[in-house]
Amino acid sequence: MGKKILLDKINIPGIKTYEVYRENGGYKSVEKALTMQPDDITEEVKASGLRGRGGAGFPVGMKWSFIDKKSGKPRHLVCNADESEPGTFKDRFLMEYIPHLLIEGMITSSFALGANLSYIYIRGEYMWVYKILEKAIKEAYAAGWLGKNIKGSGFDLDLYVHVGAGAYICGEETALIESLEGKRGNPRIKPPFPAISGLWANPTVVNNVESIAAVPWIVMNSGAEYAKIGLERSTGTKLISASGHIKNPGVYEIEMGITVEEFMNSDEYCGGMIDDRPLKALVPGGSSVPILPAHLIYKTAAGTDRLMTYESLSDGGFATGSMLGSGGFIVYNDTTCIVRNTWNFSRFYHHESCGQCTPCREGTGWLEKILWRIENGQGREEDIDLLWNIQSKIEGNTICPLGDAASWPVAAAIRHFREEFEYHVRFPEKIKDRNHYVNEPFEKVRHLIGKQTV
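Now for a description of the structure that goes with this document.

1. Section: the overall build of the chain
Stage number 1. Summing up its helical and strand segments, the chain has 19 helices and 11 strands in all.
Stage number 2. In terms of overall size, the chain behaves like a compact globule, its C-alpha atoms giving a radius of gyration of 23 Å where 454 residues would be expected to give roughly 22 Å.
Stage number 3. Projected onto its principal axes, the C-alpha coordinates of the chain cover approximately 75 × 45 × 40 Å.
Stage number 4. In the chain, buried positions account for 58% of the 454 residues.

Okay, here's the thing in structure tokens:
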């Protein structure tokens, strides 16, 4: 069993309530933090090596150190709980089952940043979780952990939960801030970065739920102890949302550095493939990261074991690697149609594009249309190269990363599964049945294409 930092108390009966949470060591990090210098807390987080768990993987302590403390303006901490990445559901799990851990992390982190007004921005579809958080916040206020002069320390903090309207784009930190201010959730051009001019033009730090929830453990046990967990620059533990064709889907906390093969096949985690059908592909970090074919899942192109770390999953770049991202671990067996899966992802990104940038607004629509055409037996041979051309024109040409998120799945699908696209174009009658790969997996019809796997 790996070490548990975030989920070690998740199964304690009643842990959702303040009384049980407090009895089991809750809010001790706040007590300790209030006796420390705020900058010392930031230094502990920097020493921990904790990287943002929302997908980007930027060092949390470094991000904190950028906040403007010289302007005299009010500072804010905003928790990004707008968990909208397809395949990712670990933040919901934390908020639903142990909400006081996030609130404790918000208080401790706000004190470190000198923030007296902080927010949790939660996705609109999580209304039942919003109610859980609201109840927990009321309990924290009643117990004196929020409000004026917290526990006689002189530190004030008000914490609010703001519900979004279900826009994926608001997972981008500047779009989130725009939405929080009551505007349309369009990303801002950076610089200035939120640490200088964020919420209401005040210095602001935006961190993910999982990132903030890790802070209490770091404060209680030190950054050095946290850094001992994991491997190299991938320190600590990571929550993984595992789904797809596996025996044990769910949320798992892993020590960074275990092998992908162990996570996939051990009974402690995914338990192997469902129905023992062969593994075909894997999306390791949510729908926006490149898909990996079977031969690049357990081993890198260099032949080393693929590990559950930022570095190992990206080994080889996008040519032979992917990204850890948000930890949305989606597993596909040989019944999966890669073309349909890619079209489904593209449909999502077209729908969720804010429309501010022309390459994304127009390009995501064309990706969806062409993929639909290929999937429905109306594709042309030149459509495959057209898809490649369109995605390349979107990537790197937008204000926020949504354009990249729409491009990468398409590029990886063509790079690793081009033969399946060709099969759809050349044999439209064979793919009319939605379940065309259930009884006749692609490996059985590959010979019809007449060339080797890319």
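2. Regarding the sheet that holds strand S2 (residues 117–122)
Stage number 1. Spatially, 4 strands are ordered S3-S2-S1-S4 in an open sheet, and the strand pairing comes out parallel. The outermost strands of the open sheet, each flanked by one partner alone, are strand S3 (158–163) and strand S4 (204–208). Between one strand and the next, the sheet's axes are offset by a mean angle of 20°, whatever the strand orientation.
Stage number 2. Strands strand S1 (76–81), S2, S3 and S4 of the sheet are contacted by helix H6 (residues 99–113), whose axis makes an angle of about 150° with S1.
Stage number 3. Relative to S2, helix H8 (residues 173–180) is tilted by about 105°, and along the sheet it contacts S1, S2, S3 and S4.

3. A short note on unusual backbone geometry
Stage number 1. The linkage connecting Lys190 with the following residue, Pro191, adopts the cis geometry, with an omega of 0°.
Stage number 2. Tracing the chain through its elements places Pro191 in the loop between H8 and S4.
Stage number 3. The residue after Pro191, namely Pro192, is reached through a cis peptide bond having omega 5°.
Stage number 4. The topology assignment puts Pro192 in the loop between H8 and S4.
Stage number 5. For Tyr27, which is not glycine, the phi dihedral falls at a positive 70°.
Stage number 6. Position of Tyr27 among the secondary structure elements: in the loop between helix H1 (18–23) and helix H2 (28–33).
Stage number 7. Residues other than glycine seldom take positive phi values, yet Trp200 does so here, at roughly 55°.
Stage number 8. Turning to its location among the elements, Trp200 is positioned in the loop between H8 and S4.
Stage number 9. For Trp200, a relative accessible area of 40% translates into the label partly exposed.

4. Here we look at helix H5 (residues 90–97)
Stage number 1. For H5, a buried count of 7 out of 8 residues is recorded, marking the element as mostly surrounded by other parts of the structure.
Stage number 2. Of all the residues in H5, the buried ones are Lys90, Asp91, Arg92, Phe93, Leu94, Met95 and Glu96.

5. Re the sheet that holds strand S11 (residues 328–333)
Stage number 1. Ordered by their spatial adjacency, 5 strands build an open sheet running S8-S7-S11-S9-S10, and the pairing between neighbours is mixed. Across the chains shown, the open sheet's two edge strands, defined by having one partner strand only, are strand S8 (250–255) and strand S10 (292–293).
Stage number 2. Here strand S9 (residues 279–283) pairs with S10 via 2 bridges, running antiparallel. Among the inter-strand pairings, Leu282 is bridged to a residue of S10, identified as Leu292.

6. Thoughts on the packing of aromatic side chains
Stage number 1. Tallied over the full model, the rule gives 22 aromatic pairs.
Stage number 2. Arranged with centres 5.1 Å apart and planes meeting at 80°, the rings of Phe111 and Phe155 form a pair that is edge-to-face. Of this pair, Phe111 sits in helix H6 while Phe155 sits in the loop between helix H7 (127–142) and S3, placing them 44 residues apart in sequence. Both residues of the pair, Phe111 and Phe155, belong to the buried class.
Stage number 3. Summarising the aromatic geometry, the rings of Tyr168 and Tyr349 are spaced 5.6 Å apart at their centres and angled 75° between planes, so their arrangement reads as edge-to-face. Remark: Tyr349 occurs in helix H14 (residues 338–352) and Tyr168 occurs in the loop between S3 and H8; sequence separation between them is 181 residues.
Stage number 4. Relative accessible area serves as the criterion here: at 1%, Tyr349 is assigned to the buried category.
Stage number 5. Aromatic ring contacts, followed pair by pair, group Tyr18, Tyr21, Tyr27 and Trp145 into a single cluster.
Stage number 6. Just above the ring of Trp145 sits the side chain of Lys151; from NZ or CZ to the centre is 4.5 Å.

7. Examining the side chain of Asn333
Stage number 1. Mapped onto the elements of the fold, Asn333 is located in strand S11.
Stage number 2. Setting aside anything within four residues of it in sequence, one finds Asn333 in contact with His245, Met273, Arg277, Pro278 and Lys280.

8. Digging into the pairing of S2
Stage number 1. In terms of burial, S2 is largely enclosed, as 5 of its 6 residues are buried.
Stage number 2. Sheet topology places S1 next to S2; 4 bridges connect them, and they run parallel. What sits directly across from Val78, in S2, is Tyr119.
Stage number 3. Sheet topology note: the S2/S3 ladder contains 6 bridges and is parallel. Along S3, the bridge assignment pairs Ile120 with Val161.
Stage number 4. Assessed by its sense of winding, the connection that carries the chain from S2 through H7 to S3 is right-handed.

9. With respect to the environment of Thr364
Stage number 1. Tracing the chain through its elements places Thr364 in helix H15 (residues 358–375).
Stage number 2. Distance in space between the C-alpha atoms of Thr364 and Ala412 is 16 Å, their sequence separation being 48 residues.
Stage number 3. What Thr364 contacts, discounting residues up to four positions off in sequence, is Ser346, Tyr349, His350, Ser353, Pro359, Ile394 and Ala406.
Stage number 4. A distance of 2.6 Å separates the side chain of Thr364 from the backbone oxygen of Cys360, its partner in a polar contact.

10. Re the pairing of strand S7 (residues 237–244)
Stage number 1. Counting buried positions along S7 gives 7 out of 8 residues, so the element sits mostly inside the fold.
Stage number 2. The hairpin turn running from S7 into S8, its antiparallel successor, is 5 residues long.
Stage number 3. The pairing of S7 with S11 spans 4 bridges and is classified as parallel. Paired with Ala242 across the two strands is Phe329, which belongs to S11.

11. Here's the deal with the packing of H6 against H7
Stage number 1. Viewed as axis vectors pointing N to C, H6 and H7 meet at an angle of 55°, and their least axial separation amounts to 9 Å. With respect to each other, H6 and H7 are oriented oblique. Note that H6 runs across H7; the crossing there is right-handed. Residue-level contacts link Pro99, His100, Leu102 and Ile103 of H6 to Ile132, Leu133, Ala136, Ile137, Glu139 and Ala140 of H7.

The rules behind each value
- Residues numbered from 1 in each chain as written.
- Predicted model: local features only at pLDDT ≥ 70, side-chain atom pairs only at ≥ 80, totals over all residues.
- Heavy atoms only, no water.
- Helix = DSSP H or I, 4+ residues; strand = E, 2+ residues; numbered from the N terminus.
- Rg over C-alpha atoms; globule rule 2.2 N^0.38 Å.
- Buried < 20%, exposed > 50% of the residue type's maximum accessible area, 1.4 Å probe, protein only.
- Pairing = 2+ DSSP bridges.
- Axes fitted to C-alpha atoms, helices over the stretch in contact; angles between N-to-C directions.
- Contact = heavy atoms within 4.5 Å.
- Phe/Tyr/Trp six-rings, centres within 6.5 Å; stacked < 30°, edge-to-face > 60°.
- Lys NZ or Arg CZ within 6 Å of the ring centre and 35° of its normal.
- Right-handed = clockwise from strand over helix to strand, strands pointing away.
- Polar contact = N/O pair within 3.5 Å; in protein donor to acceptor, adjacent residues only side chain to side chain.
- Parallel < 35°, antiparallel > 145°, perpendicular 65-115°, else oblique.
- Left-handed = near helix turned anticlockwise from the far one by under 90°.

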